[in-house]
Amino acid sequence: MKNLGIYIHIPFCLRKCPYCDFYSVAEAQQGKSEIEGLRARFVKALCREIESGGRKYGMKARTGEARQVDTIYLGGGTPSLLMPHELEEIMDTVRKNFELSGNAEISMECNPATASKDKLEAYRRAGVNRLSIGAQSFDDGVLRTLGRLHNSADTLRTVEEARRAGFDNISLDLMFAIPGQTDEIWENTVRRAVMLNPQHISFYSLEFMEGTPFTDRLEKGEIRETEAEADRRMYERGLEIMGKAGFIQYEISNGALGLENVCRHNMKYWGLEEYLGFGPSAHSYMTGPDGRGIRFNNVSSIEKYLRVWENPEDRGQSAVEALCENSLTDDVCEYIFTGLRKNTGIDLKDFRKRFGRGIWEFYGEDVMKELEEYVDGGFAAVTDDNIRLTVKGMNISNRIMALFV
């Protein structure tokens, strides 16, 4: 039986962060009864979509090979806005339609501004066993710049209450290269994060995404983008502090306190493994009968999503907005791009097993010679069995990955 990951997009936030371009509905812009009604409708529609997925890929699959779910990731938006009974309904629906492995990793993103002791205890009882807390920074000034509704004390409280609720697998999300953030502020954030002894830390450089308020302010000259040299200095310094605390960098932007604590769900993305996405804007990657990848994504509109799934008569409906069937070249490129994000790099024997040819049979001597220049510069390492980027190479990863386009 094949393994499968499930991603569930919860499209609600208290307020949109000015740097974020993920799809969500801001609850602050609507009345309490209105948003509660919308969330209830969404949960019902989501469960119908999960049931539909189960009929195609899960325990109720009529044709093809059923998949066993070994990772679930609830992202958003802000999943910790869900009421306990709403999460329980979602998880019950997953269990009724898919076979969960005995050691399934079930992750949930959590905003410290929306977490509470009772909620965390209920989430743990519902089966969530990994919590990803959006700390972003331990400097309150930086948090205000980011438009976050929590402060550093809220994060400390959330970590403490999560542990009391029974969570022994906690991840902290951090951001750097934020306007006004100094090296000292960033280093202090990383130090405070590792002192909390989380099992995992994700650390991302701020990106100015098209259509966000941050990008509008950047274009108006109200804020300035962090210079590339400072960005890379913060990245390397963060890695250094985490490394001294025992964290292993297993992916460009992720470190774990021991390899047993890597995010197994995200490893599916970087390993080109199958995952199903449910909810507005959710993305999926499955393989077709020919073994080629198929990517598809749902509409980024809760109104359109509800119109599809609130009609129970048509069990064949879908909220899919776009679908792309990969060519062999597409799959090879994606395998290399995602593989080079991992510190273990690309297993050349696995590459040959998966695609039927060696990597240099695809790319030839010209690309090999170009890559050798990066090896000579200390940016990459190549053996008979493996290609990987060094920490130095991860700083210019896009440039190296472009060789394989």
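Residues numbered from 1 in each chain as written. Predicted model: local features only at pLDDT ≥ 70, side-chain atom pairs only at ≥ 80, totals over all residues. Heavy atoms only, no water.

A. Main features of the packing of aromatic side chains. According to the stated counting rule, one finds 19 aromatic pairs in the structure shown. Ring plane angle 70° and centroid distance 4.6 Å describe the contact between Tyr269 and Tyr275, whose orientation is recorded as edge-to-face. Taking the relative accessible area as the measure of exposure, Tyr275 reaches 9% and is therefore buried. Between Phe351 and Phe362, the ring centres sit 5.7 Å apart and the planes meet at 85°, which makes this aromatic pair edge-to-face. Separated by eleven residues along the polypeptide, Phe351 in helix α12 (residues 348-355) and Phe362 in helix α13 (residues 359-376) bring together distant segments of the chain. Given a relative accessible area of 0%, Phe351 falls into the buried group. (Phe/Tyr/Trp six-rings, centres within 6.5 Å; stacked < 30°, edge-to-face > 60°. Buried < 20%, exposed > 50% of the residue type's maximum accessible area, 1.4 Å probe, protein only. Helix = DSSP H or I, 4+ residues; strand = E, 2+ residues; numbered from the N terminus.)

B. How the structure looks around α13. The first and last C-alpha atoms of α13 sit only 20 Å apart over 18 residues, clearly below the 26 Å expected at 1.5 Å per residue. When the local axis directions of α13 are compared, the greatest deviation, roughly 80°, occurs at Glu365. If you check which residues of α13 are buried, you get Ile359, Tyr363, Val367, Leu371 and Tyr374. Structurally, α13 contributes buried residues whose contacts are with α11 (328-339), α12, β16 (380-382), β17 (386-389) and α15 (397-401). In the stretch just after α13, Gly378 is the one whose phi turns positive, near 80°. (Expected span 1.5 Å × (residues − 1). Bend = angle between axes of the 7 residues up to and from the residue. Contact = heavy atoms within 4.5 Å.)

C. Molecular detail of the sheet that holds β17. As summarised here, the arrangement of the three strands in space is β15-β17-β16, forming an open sheet in which the pairing is antiparallel. Since the sheet does not close on itself, it has two edges, and those belong to β15 (346-347) and β16, each with one partner. Both β15 and β17 contribute to a ladder of two bridges, which runs antiparallel. Residue pairing across strands places Asp347 opposite Asn386, the latter belonging to β17. Sitting on the sheet, α13 touches β16 and β17, and the angle it makes with β16 is about 130°. (Pairing = 2+ DSSP bridges. Axes fitted to C-alpha atoms, helices over the stretch in contact; angles between N-to-C directions.)

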